[in-house]
Amino acid sequence: MSEREHDLTAQQMLEAQEALDVAAFNGILSLAIVLRKRRLLTDGETKGLHDIMSKPLSLAGNADNPVVQDAQHNLDQLFALVVERR
């Protein structure tokens, strides 16, 4: 469905995208925690997952954005906790 089918404002589209991003972020981290507890996700695999999630944040045009920098910082901290929770 397109934006026009719902008559969404730019702000509503941004809010929806942010909500979807947070939901995906939380889901991935929750799954990583469960897999780590079950010893089904190694340190290397956890680092690889972190790297995959960090890549878009480090792309030109994103890395200088303070909101993206905050997201990267939060991602780094949360993955550090995931690794420690083993």
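Residues numbered from 1 in each chain as written. Predicted model: local features only at pLDDT ≥ 70, side-chain atom pairs only at ≥ 80, totals over all residues. Heavy atoms only, no water.

Some remarks on the packing of helix α3 (residues 43-58) against helix α4 (residues 66-84)
So, point 1. Interaxial distance between α3 and α4 falls to 10 Å at its minimum, and their mutual angle equals 175 degrees. Here α4 runs roughly antiparallel to α3, going by the angle between their axes. Seen from α3, the contacting residues are Asp-43, Thr-46, Leu-49, His-50, Met-53, Ser-54 and Leu-57; seen from α4, they are Val-68, Ala-71, Gln-72, Leu-75, Asp-76, Phe-79, Val-82 and Val-83.
So, point 2. For the contact of α3 with α4, the per-class residue count stands at nine nonpolar, four polar and two charged. (Axes fitted to C-alpha atoms, helices over the stretch in contact; angles between N-to-C directions. Helix = DSSP H or I, 4+ residues; strand = E, 2+ residues; numbered from the N terminus. Parallel < 35°, antiparallel > 145°, perpendicular 65-115°, else oblique. Contact = heavy atoms within 4.5 Å. Nonpolar A, V, L, I, M, F, W, Y, C, P; charged D, E, K, R; others polar.)

Considerations on helix α2 (residues 10-37)
The α-helix advances 3.6 residues per turn, and as a result positions three or four apart in sequence lie on the same side.
So, point 1. Look at α2: 41 Å from first C-alpha to last across 28 residues, which is about the 40 Å you get at 1.5 Å a residue.
So, point 2. For α2, every residue scored as buried is listed here: Leu-29, Ala-32 and Arg-36.
So, point 3. Of the surrounding secondary structure, the elements contacted by the buried residues of α2 are α3 and α4.
So, point 4. Looking one or two residues beyond α2, the residue adopting positive phi is Arg-39, at roughly 60 degrees. (Expected span 1.5 Å × (residues − 1). Buried < 20%, exposed > 50% of the residue type's maximum accessible area, 1.4 Å probe, protein only.)

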